[in-house]
Amino acid sequence: MTRQELFAWCMDQYGTEPEYPWKDRNAVLRHKDNKKWYGVILETGKNKLGLPGDGTAEILNVKCDPVLAASCRTQPGFFPAWHMNKEKWLSILLNEPELDAAIKNLLALSFDLTSPSSRPQHSK
């Protein structure tokens, strides 16, 4: 999945567009209501991910259950979160078609994990 395909999918699913807070190609996907991030698209050096070759790679950071994140990191294309809490966030390599379904599923999970709580507020 390319960044543009990812952005189109997020628009269709959640009605959100990428924001560019750092004035570069790195983008944030956030909830409309609580403004929390549910995805971050970053460019980083391949060497920082332990990938062979020079140049950069595009990754998607998503919030994830720690047990699921640990399991995913044992598979190719998944990494400890780049510039995020490595226990609760996961980085996924973009532009790898075999990861497209996982990206959608994990992005949906991240969206749910960062959504406002649906539990009723207790009064004191």
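Residues numbered from 1 in each chain as written. Predicted model: local features only at pLDDT ≥ 70, side-chain atom pairs only at ≥ 80, totals over all residues. Heavy atoms only, no water.

Naming follows an unreviewed UniProt entry, where the protein chain appears as MmcQ/YjbR family DNA-binding protein of Alitiscatomonas aceti.

Most of strand 3 (residues 56-63) sits out of view: six of its eight residues are buried. Strand direction decides the pairing type here: strand 2 (residues 37-45) and strand 3, joined by six bridges, are antiparallel. From the neighbouring strand, G45 faces strand 3, where its bridge partner is T56. In this sheet, strand 5 (residues 89-93) lies alongside strand 3 in antiparallel orientation, the contact comprising five bridges. Of the residues in strand 5, the one forming a bridge with V62 is L90. (Buried < 20%, exposed > 50% of the residue type's maximum accessible area, 1.4 Å probe, protein only. Helix = DSSP H or I, 4+ residues; strand = E, 2+ residues; numbered from the N terminus. Pairing = 2+ DSSP bridges.)

Alternating positions in strand 1 (residues 27-30) separate into two faces, A27 and L29 on one and V28 and R30 on the other, with burial throughout. In this sheet, strand 2 lies alongside strand 1 in antiparallel orientation, the contact comprising four bridges. Paired with V28 across the strands is V40, a residue of strand 2. Adjacent in sequence and paired antiparallel, strand 1 and strand 2 are bridged by six residues, among which K35 carries a positive phi angle near 65°.

For helix 1 (residues 3-14), which comprises 12 residues, the first-to-last C-alpha distance of 16 Å matches the rise-based estimate of 16 Å (1.5 Å per residue) to within 8%. Listed in full, the buried residues belonging to helix 1 are R3, L6, F7, W9, C10 and Y14. All buried residues of helix 1 fall inside an arc of 160° around its axis, so they share one side. The exposed set on the far side of helix 1, more than 90 degrees from its buried face, consists of Q4 and D12. The inward-facing, buried residues of helix 1 abut strand 1, strand 2, strand 3 and helix 4 (100-113). Just downstream of helix 1 lies G15, where phi reads positive at about 70°. (Expected span 1.5 Å × (residues − 1). Arc of directions from axis to C-beta. Contact = heavy atoms within 4.5 Å.)

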